[in-house]
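# Examining the three-dimensional arrangement
Letter by letter, the chains look like this.
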Number of protein chains: 2
Amino acid sequence: MYNFIVENEAFEGVKKTAGKIAVDFEKVFGKKPEIFPVLGNVDKSFIFATLGKSPIVDNLIKEGKFDSSAINGKREIYQIKFLDDKTILICGSDKRGTIYGLFALSEYIGVSPLHFWGDVEPARRENIEFNKNIEVISKEPSVKYRGFFINDEWPCFGNWTNNRFGGFTAEMYDHVFELLLRLKGNYLWPAMWSSSFALDGPGNLNEELADIYGVVIGASHHEPCLRASEEWGKKGNENIYGKAWNFYTNRENILKYWEDGLKRSGKYEKIITIGMRGEYDSSMLGDNSSVKENVELLKDIIKNQRELIKKHVNSNLDEVPQLLALYKEVEEYFYGCDASSGCDVKGLKYWDELDGVICMLCEDNFGFMRTLPTPDMKNRKGGFGMYYHFDYHGGPISYEWMPSTSYERTWEQLSMAYDYGIKDVWIVNVGDLKFNEVPLAYFLALAYDFEKWGTASPNSIDEYTTQWLAHTFPSVNLEVRNKMAGVLHGYIRMNAMRRPEALNADIYHPCHYEETDKMLELANCIDTANEEIFLLLSEDEKNAYYSTIYFPAKTSVNLLRMHLYSAKNAHYAKQGKKAANKYADLVTQCINNDKNLMQEFGKFKNGKWKGMELEQHIGFTKWNDDNYRNPLRTLVEPVHKPRLCVSRKDRGEIYSKTYGNPMTILAYDFLYDVNKKVIIEIANDGIDTLDYVIEQDAPCDWLKISSVKGTIEDQIDIELSVIPNKLTNEIQSVKLLIKAEETVVAVDVKAKIIDISQLPPKTHLQNNGVIVIPSNQYYDKKDLSSGAAFTELANYGRSGTGMKVFPTTANFSEKEESPSLHYRFLLEDDGEFVIETWTTPTNPVEINKPLRFILNGGNKKQIVTTVPADFKAGSNADIRWQLGVLDNIRKTEVICKFKKGIQEISINALDPNFILEKILIYKEENKPLPSYLGP
Amino acid sequence: MYNFIVENEAFEGVKKTAGKIAVDFEKVFGKKPEIFPVLGNVDKSFIFATLGKSPIVDNLIKEGKFDSSAINGKREIYQIKFLDDKTILICGSDKRGTIYGLFALSEYIGVSPLHFWGDVEPARRENIEFNKNIEVISKEPSVKYRGFFINDEWPCFGNWTNNRFGGFTAEMYDHVFELLLRLKGNYLWPAMWSSSFALDGPGNLNEELADIYGVVIGASHHEPCLRASEEWGKKGNENIYGKAWNFYTNRENILKYWEDGLKRSGKYEKIITIGMRGEYDSSMLGDNSSVKENVELLKDIIKNQRELIKKHVNSNLDEVPQLLALYKEVEEYFYGCDASSGCDVKGLKYWDELDGVICMLCEDNFGFMRTLPTPDMKNRKGGFGMYYHFDYHGGPISYEWMPSTSYERTWEQLSMAYDYGIKDVWIVNVGDLKFNEVPLAYFLALAYDFEKWGTASPNSIDEYTTQWLAHTFPSVNLEVRNKMAGVLHGYIRMNAMRRPEALNADIYHPCHYEETDKMLELANCIDTANEEIFLLLSEDEKNAYYSTIYFPAKTSVNLLRMHLYSAKNAHYAKQGKKAANKYADLVTQCINNDKNLMQEFGKFKNGKWKGMELEQHIGFTKWNDDNYRNPLRTLVEPVHKPRLCVSRKDRGEIYSKTYGNPMTILAYDFLYDVNKKVIIEIANDGIDTLDYVIEQDAPCDWLKISSVKGTIEDQIDIELSVIPNKLTNEIQSVKLLIKAEETVVAVDVKAKIIDISQLPPKTHLQNNGVIVIPSNQYYDKKDLSSGAAFTELANYGRSGTGMKVFPTTANFSEKEESPSLHYRFLLEDDGEFVIETWTTPTNPVEINKPLRFILNGGNKKQIVTTVPADFKAGSNADIRWQLGVLDNIRKTEVICKFKKGIQEISINALDPNFILEKILIYKEENKPLPSYLGP
């Protein structure tokens, strides 16, 4: 068994970490290593050292036994090296480097970074022989400051930590810091809704502990000068600095407040937020103030803040990391405005004072980049940061419950940010942290090793996940782990199609395109796999799986089902069918399941996470959970006698008429798709049971009917399908008569085979008048010799695929050659056609610029604007933006004239951040039916 | 005890009737009179005789003991006269005259004409002394042929008579004839959906019996030449006349068919229908045939028919009543078309052959006259008939269940028909007869004695009803009888606001103007009175009341409630309130009540009426009961904690927000109406109970709040009202804060008193921007010296009042002086105002003419067209007409400009059949909220 050598000279943080690693060893091997301050005469040892803080390493270097040149002067790296058969050195270039090395060792013996937050118990092992495999020189992190923000922490995180740790204390933060460091992060914005990090340790214990571990503490955009926002307005406390959080009216007091903050907390490693915003995002100068006045005020504030920092933190301001958040309310003051807008003001952007300050940008709160550094800003000394969200408390609808941002989206948008030069700070809002610990691991992996996972590796999510699952569930076989990957991404992508809080019974269409049934099928797939996996696991694995994947997936699936069942219930109730009542029962079951799942989670591991299950998540009607609604259930009273009511499963119309000629259902689907199944719902909307028969007006050998007679309690599905090799390219017809009691409903079925052998490859055909082309189904694609090219994003977006130009910074003028995609399709008529492009609801990356592409079609070149220049990304005043982030798709229609026959369109890139998911082509009169996901 | 003298020479019908009267006497006095053929030596006698069929009367005349001059040569009259102390003569001018006299005697001793159909048992009496009061010379009936049509007789009448009489037999028709004659009718269209009157007696028993009683049999517009339509196409029977019901293709056979019919049935007293229409209303010449071709074909048909009548019925055609129905499909051929329409054809109207034929017109199937005789037609020899409906099987939605045409409507529209010269035939479709027996009595009273009840007696429904109730419930005290009148007209007027089958949860608005609550209150009023009356009655009275009023009222009220509760349920469910669940239970109760009421009726009097309860009547979705629907019930799952949700009872918006400033409900109602009550619904839409308090921002002595604190299970109503004498004409304000848990909702209340002492009388004021003027609230009305004047119709229409010009035949040109109504109102602003007139959905009475009035307002005279000339009354192709008869109101909007201050409008008559119910005045931006009945 190895012992640990940690010298007295070592960083306190390294010592503490060594203690944690010792516990990890004990968990794995059943025995805790002893920790010695000096090399002793022991069997086997790890030496945990940091360059410049280790006499042993100094000696080894001196003796030529260790060459530190690979790590010397580097940021946050470590080297692991066998000194001899018995002794392994883990040496960091600096404190965090050493700590990362220690946690790397822990991972090496099988301890997951999520051992606490994800309940991942390491496998017990008898012993281990370390070999040369362990030797490594780690890389410098790609992004300088990488971390997360515990935010929106009530009711979950707050209740949890109050119950378990008596508040937002150092005892709790120890777990947070450890997670951050194990995931090779270094930066944290602590919780701040009701707590003040600097005061709640208790006392300064939080700040002390963070500093010991080398965790850099920052704060969000409205907490300047190391002061938590809660410190100003603590409920019930008289504030010695006066009442008004307004630099204009309460200047001296506010300066004193900041000065006291810097004096108190400036001694710790921090990124100091500068700037100021009014209370509750209000303007300090009033709504009628000019841009110029606000710019002047901000300059005054920042100048004073930096004076205070110089005085109380470090006289060399370049040595103090500072951050100015360009959050939307400051944006205007940063960019200024030009004469054309009627206000000619140079923004802060041009102000030298800010040269060394990190400019922190923010996406639109829903994971889509907004303004990114323009070329003229790219090389600024202070660099850039990005505030990203896995959790958001705000409009149009908050998402604070289960993960709902796909890894693919995170990869795609954050890679773009990095490509645009945002490399100094990456911070992600993880809400209550619990349930986001898994996506967080990916976020920090991307930030730490962008070279490996970033732009250079499109579509690398599978590889990452395979690795992550191998580390997290090493004893589980690969097939099961692959299934786990399916559940993990399955539920997150499902949530990403429509964030859970924004779901209700009116989202997925209850019948058109059988959308709700398809979503139920997806939910069932995820749920079945989830359950199957769970049964195969050992007790410890069950806990880890439950905590990290099973529970979030299970409860997400249940929530979706609740709304889908409610939709089906409402649909069948509207049709007057008693089948509605069964769906009402299913809704009730889901409501109860939801309650039970939450209670069960609260009791998991004797209440380890009690509180974390409290987030409201059902049917939001406002931006927050005020007036959230459980789904409705509608009951149908059957009529007084058995009665026939027929419908297509994918349509709302019902066919139920006794008087006169029978109503006729059209089933022309087989004219377009001989593999289609048409489902006819035959219902009894009256009491008792109903016998039906299906007759046909003529013999017909090409049609299969799943059942031609039977007895119906409430409803059965009859499946119509065709036998393709009995069809020709002439239209065949047959009329079915569905008969029960005195009612007859006719079904007119038509079919033909389409000969595609004469068509060029990738020629898309219409179905019921609509041609649907997934963006990756181009027949050709033109890349530029410069390398700029559309690249497929796998499993991307709501449509499951996307085409985006890389490099992501590439943009083109209208005249210039640009990468293009080419699509081919067959038209049966001449005329005007709607070309409906479905794009990812990304934003223009430059302020006041549009997002466009070029459409070539019907002998015409059109510039299509998907986002106009006056679009307000991230603004709840702009319904266009709201709809985009709610629906996760943006639809743009243009008209093209075509002759019938084989036709083409092509799409040329113009502006960056354009991602094409799908194209629909149809005549106005064939407009697709209303639905969420489309045909 | 009196005996009856009925001579051998008497009409068979008189003898049979004497037998019935004898039974009536037995019922009343416990002893059956003996019937002698000659005057004998008995104590007291009635002689039942007919002029010319009685040797006794011949003798009396000869002896100068009876002067027959008053009745001789008259139609259907009778004289009752004491011959001496012991002998009373009832002598008819003809057979029906005598029979009417006999039934008058029966009524005199207290036997109701409805004794069978309305289950009205006469009161038992010890004895009776007849006195001179009984002497009478009756009048000649106003309308020559008066009767009803048993129609749409499945499932009710058909099942009933099959069960009870083994089919549509003479045994059953005996009851029908008796009812007709007791009500002094003389004309019947027998049932014809599945039966043939001439064949089902069995054999000719029906025709024989009718003839004996003097009941004139007619047939509807598609049963010419004494043939029932069923005779042609009897299911399963081979037709010896060929298959095609098409004179064009099957001429000889059809002529033979008619000839055989006339030979068989021409010997009985009949009105023979002539003309022909295609099967199922289709055109015999095809849809593309010209008007000219059709006119020629019809002429050919009619000529041949009349030849056959001449040959087989009576060589003097003037002695054979014949009838041509101008039902909508024949109308074009009757009126022809003029050159301006591109087809210049003289219609049948100008054809001499038809001079002596009765032209039967029809209203629009919903009780509103369509074309009425134009002055040039008025004096035609054959005269006119009218086919009226108390029951209709057809579009837009059938009404075949409980009575839903108000007496007021019947009076108003039929009086108009009479005024226009329709005096030869009145027939009313009574559906299954049962439940329409009470309105039928009124219809026949009006037809029999138009001089008393018709145009000369506007607003005489109360008087008629008082008399009818006095005859039907003689032992019940007047106060209770008045209450009965309230229930009778209450439920029928309620049904007339929206016919029962056309009700659903989307008709009356669930909250705007508290419409649903007001309708529930109306239903409760009727129901409470109905129950109270029932308890006060004797057993026999209970039966009569149950059969004629209680049951139709009870079940109508229950049906309305069912839909209203469903509307409230949906409303509260939409608001997310658990109060919805209580309404769901109430809907269930109503559904069960409905079933129970029907079962109970089926068992009434040991199943006397079994079958008559079978009509479907709930939630029609088509024109007939195909796919009728029971109302839906939606269940709300309360949220996880008690939660406040506030609303105005008369609005849909809910106020429920914890975050940020409280939402504010506006209660400015007291600015317009200090007698108004504003109801605030305070709901707990979560589990358990919720404590609330209402605080106010300042003391306020003028506002009353019904409760300022309490505990809420699901929902309570808080009533806000003001104390007028604490208010001034300055606006007073107070803000209420409704608080519960962490939620606060504000209510902003404003009030002032409006000083109306300075305003001229009948100055209408706005309420929330809308001025509502019932048509009878004019400040002046200008009548013409000729007598033409607007007259108020009490309890009329959906609005409860109407103004119509009498004489109803009056019409005016634009230039000419016409009667007018003058309304005054106060405007608070200048501007453009919408003048929305609510008129009864009557039709123009001349073909291809509009229905208009003149509006004078804002210094402008406008001709307002409520119905344009291309309107198709009675046509399901015209949605405008459909909406009118469904909604029972027609709204027409015009714009007027006014200055603020006291303003006026006046309405001048132009076209006949214009009835004004209400006027709304508002600016476009103050448009009334959606509702059925309006503000």
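Anything mentioned here points back to the structure above.
Given the structure is predicted, the values throughout are model-derived calculations rather than measurements. (Residues numbered from 1 in each chain as written. Chains lettered and ligands numbered in written order. Predicted model: local features only at pLDDT ≥ 70, side-chain atom pairs only at ≥ 80, totals over all residues. Heavy atoms only, no water.)

## Some thoughts on the environment of Asp870(B)
Residues and elements named next belong to chain B. By the secondary structure assignment, Asp870 is in the loop between β36 (860-867) and α19 (879-887). Judged by its relative accessible area of 46%, Asp870 is partly exposed. On a C-alpha basis, the gap between Asp870 and Gly686 in space is 56 Å, while along the polypeptide they are 184 residues apart. Within polar-contact distance, the side chain of Asp870 engages the side chain of Arg880 at 3.2 Å. (Helix = DSSP H or I, 4+ residues; strand = E, 2+ residues; numbered from the N terminus. Buried < 20%, exposed > 50% of the residue type's maximum accessible area, 1.4 Å probe, protein only. Polar contact = N/O pair within 3.5 Å; in protein donor to acceptor, adjacent residues only side chain to side chain.)

## A few points about the packing of aromatic side chains
Tallied over the full model, the rule gives 144 aromatic pairs over all chains. Taken together, a centroid distance of 6.3 Å and an interplanar angle of 75 degrees make the contact between Phe177(A) and Phe197(A) edge-to-face. Of the two residues, Phe177(A) sits in helix α5 (residues 170-182) while Phe197(A) sits in the loop between β8 (187-189) and α6 (205-213), which places them 20 residues apart along the sequence. No difference in accessibility class separates Phe177(A) from Phe197(A), as the two residues are buried. In textbook terms, an aromatic cluster arises when at least three aromatic residues are bridged by ring pairs, as seen for Phe435(A), Phe473(A), Phe534(A), Tyr545(A), Tyr546(A), Tyr550(A), Phe551(A), Phe601(A) and Phe604(A). In this structure, Lys184(B) packs its charged tip against the face of Tyr448(B), placed 5.4 Å from the ring centre. (Phe/Tyr/Trp six-rings, centres within 6.5 Å; stacked < 30°, edge-to-face > 60°. Lys NZ or Arg CZ within 6 Å of the ring centre and 35° of its normal.)

## Considering the interface of chain A and chain B
Between chain A and chain B, the contact holds 33 residues from the first and 33 residues from the second. The tally of links from chain A across to chain B stands at four salt bridges. Here Lys595(B) makes a salt bridge to Glu637(A), at a shortest N to O gap of 3.0 Å. If you look at where chain A meets chain B, you find 27 residue pairs in polar contact (both at pLDDT 80 or more). (Contact = heavy atoms within 4.5 Å. Salt bridge = Lys/Arg side-chain N within 4 Å of Asp/Glu carboxyl O.)

## Quick word on helix α9 (residues 291-312) of chain A
Residue and element names in this part refer to chain A. For α9, which comprises 22 residues, the first-to-last C-alpha distance of 31 Å matches the rise-based estimate of 32 Å (1.5 Å per residue) to within 8%. When we look at burial in α9, the residues that qualify are Val291, Asn294, Val295, Leu297, Leu298, Ile301, Ile302, Gln305, Arg306, Leu308 and Ile309. Each buried residue of α9 lies within a common arc of 165 degrees when the element is viewed along its axis, so the set occupies one face. Turned more than 90 degrees away from the buried face of α9 sit Lys292 and Lys311, all of them exposed. Elements in contact with the buried residues of α9: α8 (251-265), β10 (272-274), β11 (322-325), α10 (328-335), β12 (336-337) and β13 (345-346). (Expected span 1.5 Å × (residues − 1). Arc of directions from axis to C-beta.)

## Section: the sheet that holds strand β15 (residues 384-389) of chain B
All names here are of chain B. The strand order across the open sheet built from eight strands is β9-β8-β7-β16-β15-β14-β11-β10, with neighbouring strands paired in parallel fashion. Of all the strands in the sheet, the pair left with one neighbour each is β9 (216-217) and β10 (272-274). Taken together, the three bridges between β10 and strand β11 (residues 322-325) define a ladder with parallel strand orientation. When the sheet's bridge partners are listed, Ile274 is paired in β11 with Leu324. (Pairing = 2+ DSSP bridges.)

## With respect to the packing of helix α3 (residues 95-108) of chain A against α5(A)
All names here are of chain A. The interhelical angle for the contact between α3 and α5, taken along N-to-C directions, is 85 degrees, at an axis separation of 9 Å. Relative to α5, α3 is oriented roughly perpendicular. For the pair α3 and α5, contact is made by Ile99, Tyr100, Phe103, Ser106 and Glu107 and by Glu178, Leu181 and Arg182, respectively. For the contact of α3 with α5, the per-class residue count stands at four nonpolar, one polar and three charged. (Axes fitted to C-alpha atoms, helices over the stretch in contact; angles between N-to-C directions. Parallel < 35°, antiparallel > 145°, perpendicular 65-115°, else oblique. Nonpolar A, V, L, I, M, F, W, Y, C, P; charged D, E, K, R; others polar.)

## A look at α6(A)
Because the α-helix completes a turn every 3.6 residues, residues three or four places apart line up on one side. Residue and element names in this part refer to chain A. Among the residues of α6, those classed as buried are Asn206, Glu207, Leu209, Ala210 and Tyr213. The arc that holds the buried residues of α6, viewed along the axis, is 165 degrees, so those residues lie on one side. Backbone geometry just downstream of α6 places Gly214 in the positive-phi region, at approximately 75 degrees.

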